[in-house]
Amino acid sequence: MFMTSVSLAVAAIPEGLATVVTIVLSIGVQRMVKRNAIIRRLPAVETLGSASVICSDKTGTLTQNRMTLVKTYVDGGEIVDFNGVAEGDTYKMLCYGSLCSDGKVVFEDGAEKHIGDPTETAIVLAAHKAGGVQDELNAESPRVGELPFDSDRKLMTTVNMIDGKPIAIVKGAFDVIAKKTIKGDIEKARVACNEMSSNALRVLAVAYKELDEVPQNPTFEELENGLIFLGLVGMIDPPRPECKVAVATCRQAGIKPVMITGDHIVTATAIAKELGIFVDGDKAITGAELDEMSDEQLDAEVRNISVYARVSPENKIRIVKAWQRKGQVVSMTGDGVNDAPA
């Protein structure tokens, strides 16, 4: 397939030069294949070589996507290091988080096998260490309804029968859950969330709501409002060791690196600083702030913005188009389906 593509690409070149070009391109393609890069269209390789801006997702792309739960915070309390022991509301929060997760951790021959979203498996493993074994929790408190997670809503909700009562458990972005909570010290929780985020932790909030009956057709409005705030979990997702060097190489080549992520702005900025993406004089904004900007305002600021946080897939497309209007050749990289449109 590669040789056919190469031949088509050089068909219009004079015979002698075409032979040389074919050899050079073939060697280049073979080297890329050895690095596990598959080329479908050769012009894309040339375009990539001309890239002047690289926009990248964070989780799983710039970071290892190996989440480990290291901090907990329950309503009205203090941030606590998690060492595998949990009692009271901390234990309740971990168990509720595990119930509201589709990820699984399987133990085989003494080794852990994480299946599903790493953020969820980190919560499931933490609950397991504290004594909340997932299979047992699911058997005791079966799921009878759910609203799956999506990147626009930034929440996931399940309905579980807990002690004979239907309980809606909501987990997701703190800033979203905070707006839907009617009970809990949200301002103190906000301080805790910012503190954990500034230490490059990914933070999720857990809340719940007691229901009168199991909803037959559950809706966001019904289940994800009037919540009781339970607490926060903070997880570390270390940067890939090779990324800092790669970012420095890009800068030396005159390429502008940009981070676009769904994570909290403080977490994203902390990671971006560590990797060298965010430097003095740069700006970081949220998707909500981006939504309030006109295309003209974005065009005027886009060169100064290195971090976009809490973004939607539509935001990612808009950022890429803004750079293209500046005459830049833009690369977008990420490991999620929400990165594909951009």
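Heads up: the structure comes first, above all this text.
Quick caveat: nothing in here was measured; it's all calculated off a predicted structure.

Basis of the calculations
- Residues numbered from 1 in each chain as written.
- Predicted model: local features only at pLDDT ≥ 70, side-chain atom pairs only at ≥ 80, totals over all residues.
- Heavy atoms only, no water.
- Disulfide = S-S within 2.5 Å.
- Buried < 20%, exposed > 50% of the residue type's maximum accessible area, 1.4 Å probe, protein only.
- Helix = DSSP H or I, 4+ residues; strand = E, 2+ residues; numbered from the N terminus.
- Contact = heavy atoms within 4.5 Å.
- Pairing = 2+ DSSP bridges.
- Axes fitted to C-alpha atoms, helices over the stretch in contact; angles between N-to-C directions.

*Asks:* Could you clarify how one ought to interpret the state of the cysteines in this entry?
*Replies:* Tallied over the entire structure, the rule returns zero disulfides. Here Cys 95 is not cross-linked by a disulfide; its sulfur's nearest cysteine counterpart is in Cys 100, at 13 Å. Accessibility expressed as a relative area gives 0% for Cys 100, which makes it buried.

*Asks:* Would you explain the side chain of Thr 63 in this entry?
*Replies:* Position of Thr 63 among the secondary structure elements: in the loop between strand 1 (53-56) and strand 2 (68-74). Residue classification places Thr 63 among the buried positions, given a relative accessible area of 0%. Each residue touching Thr 63, except ones within four places of it in the same chain, is listed here: Lys 58, Asp 237, Pro 238, Pro 239, Arg 240 and Ile 271.

*Asks:* Looking at this structure, I do not really get the sheet that holds strand 15 (residues 330-333). What am I missing?
*Replies:* Note on sheets: strands pair through backbone hydrogen bonds, and any given pair is parallel or antiparallel. Reading across from one edge, 13-14-12-1-15 is the order of the five strands in this open sheet, with parallel pairing throughout. The open sheet has two edge strands with one neighbour each: strand 13 (283-286) and strand 15. Across the sheet, the mean angle separating the axes of adjacent strands is 20° when strand polarity is ignored. Bridge count between strand 13 and strand 14 (residues 305-309): four bridges; the pairing is parallel. By the bridge assignment, Ile 285 is partnered in strand 14 with Tyr 308. Helix 11 (residues 265-275) rests against strand 12 (256-260), strand 13 and strand 14 of the sheet, and its axis sits at about 140° to strand 14.

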